[in-house]
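Reading the structure
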Amino acid sequence: MVYLEKYLIFLVPIIIIIALILATWKKAPQDKAIVVTGLKRRVISGRGGIVIPFFEQCDRISLENMKVEVKTHESLDKNGVPIDTDGVAIIKVKSDTEGVLSAVEQFNTGREKESIEVIKETVQDVLEGKLREIVSKMSIEEIYKDREMFANEVEDVAKSDLQKMGLEIKTFTIRDIDDTKGYLTALGAKQIAEVKKNASIAEAEARREEMEKTAEAKKRGTEAHSPWRASGQDAVIILIARKYEQLVLIRQSQNVNIYPQIAKFSVTNSGGVAALSA
């Protein structure tokens, strides 16, 4: 009994110390942050720390990525054309101490999920305003042709405002652009008609070139087999040879000497075209 009392004397203080440590120890995972206020303002993220009860208070805030839908209806471009835009942004609370403290100061509701909803609503309002601002400075053709540039413009102008609230925008993407007046449909029809027109012209040009090449090839083939296109002595030889063949065929049956007939041939050449007379 005496030994038990001695052990209890040492054991009870140890149990009390452990209980106090467990009660005051707060641990935050990598995707969360704990802001401690009271005796000393500090941020606990991805580690543990001691929070003194009654003297200090802790609030949690998420560091996870948050998806925010951003849509505008009938925003006027610089030419007064009303267009609808549909985008999505990925945002989060900045992980540095300054960012976490700023976000808690502006969005803390005492409940983590409610704080996330407040952040989403605020970011949505900011991005919709910036989206309309950029739309008013560009034409619908510029926005439609280069969505990436349009999204980057919105992201750049919104970035500074979000940083003041302890937030950062990871990505911003335009998913769809449309209009209620049929402007894009008419623009697309015009472009399609232009493409078809150019294709028809190109096809006609190709056919014309093909016909010209075919005609040229036939012309060259005809010239290659025509003795009248030969020049110089080649033409003379060809003509004499053919005339000789004709005379042989005509006079063989008559037993007529054909050599005097050949001797009478006279050959003239004018302008590259050979002519033979008997």
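Presented here is a report on the structure given in the accompanying data block.

Reading the values: the criteria
Residues numbered from 1 in each chain as written. Predicted model: local features only at pLDDT ≥ 70, side-chain atom pairs only at ≥ 80, totals over all residues. Heavy atoms only, no water. Pairing = 2+ DSSP bridges. Helix = DSSP H or I, 4+ residues; strand = E, 2+ residues; numbered from the N terminus. Axes fitted to C-alpha atoms, helices over the stretch in contact; angles between N-to-C directions. Contact = heavy atoms within 4.5 Å. Expected span 1.5 Å × (residues − 1). Buried < 20%, exposed > 50% of the residue type's maximum accessible area, 1.4 Å probe, protein only. Core = buried A, V, L, I, M, F, W, Y, C linked by side-chain atoms within 4.5 Å.

Now for the sheet that holds strand β5 (residues 57–62). The 3 strands lie next to each other as β3-β2-β5, forming an open sheet whose pairing is antiparallel. Each end of this open sheet is capped by a strand with a single partner; those strands are β3 (42–44) and β5. Strand-to-strand twist across the sheet, computed as the mean angle between neighbouring axes with direction ignored, equals 25 degrees. Note that strand β2 (residues 32–37) and β3 share 3 bridges and pair antiparallel. Each residue of the ladder has a partner; that of Ile 34, found in β3, is Ile 44. Packing of helix α2 (residues 97–107) onto the sheet brings it into contact with β2, β3 and β5, and relative to β2 it is tilted by some 75 degrees.

Taking 1.5 Å per residue as the helical rise, helix α3 (residues 112–135) with its 24 residues ought to reach 34 Å, and the 35 Å between its terminal C-alpha atoms agrees with that figure. Of all the positions in α3, only Ser 115, Ile 116, Ile 119, Val 123, Leu 127, Lys 130, Leu 131, Ile 134 and Val 135 are classed as buried.

Moving on: the nonpolar core. Where a protein is soluble and globular, its nonpolar side chains tend to be buried together. Of all hydrophobic cores here, the largest spans 39 residues; its most connected members are Val 93, Val 100, Ile 119, Phe 150 and Phe 172. Where this core is concerned, the elements lending two or more residues are β2, β6 (66–76), β7 (82–93), α2, α3, α4 (140–145), α5 (147–164) and β8 (167–179). Not counting chain neighbours up to four residues away, the residues in contact with Ile 119 comprise Ile 61, Met 66, Ile 91, Val 93, Phe 107 and Leu 167. With 5 residues, the next largest nonpolar core counts Ile 34, Val 36, Ile 44 and Val 51 among its residues.

Quick look at the pairing of β2 now. With 5 of 6 residues buried, β2 is to be regarded as a mostly interior element. Note: β2 against β5, 6 bridges, orientation antiparallel. From the neighbouring strand, Ile 34 faces β5, where its bridge partner is Arg 60. Once β2 ends, the chain turns through 4 residues before running back antiparallel as β3, passing Gly 38 with a positive phi of about 135 degrees.

Treat this as a map of the structure, not an account of what it does.
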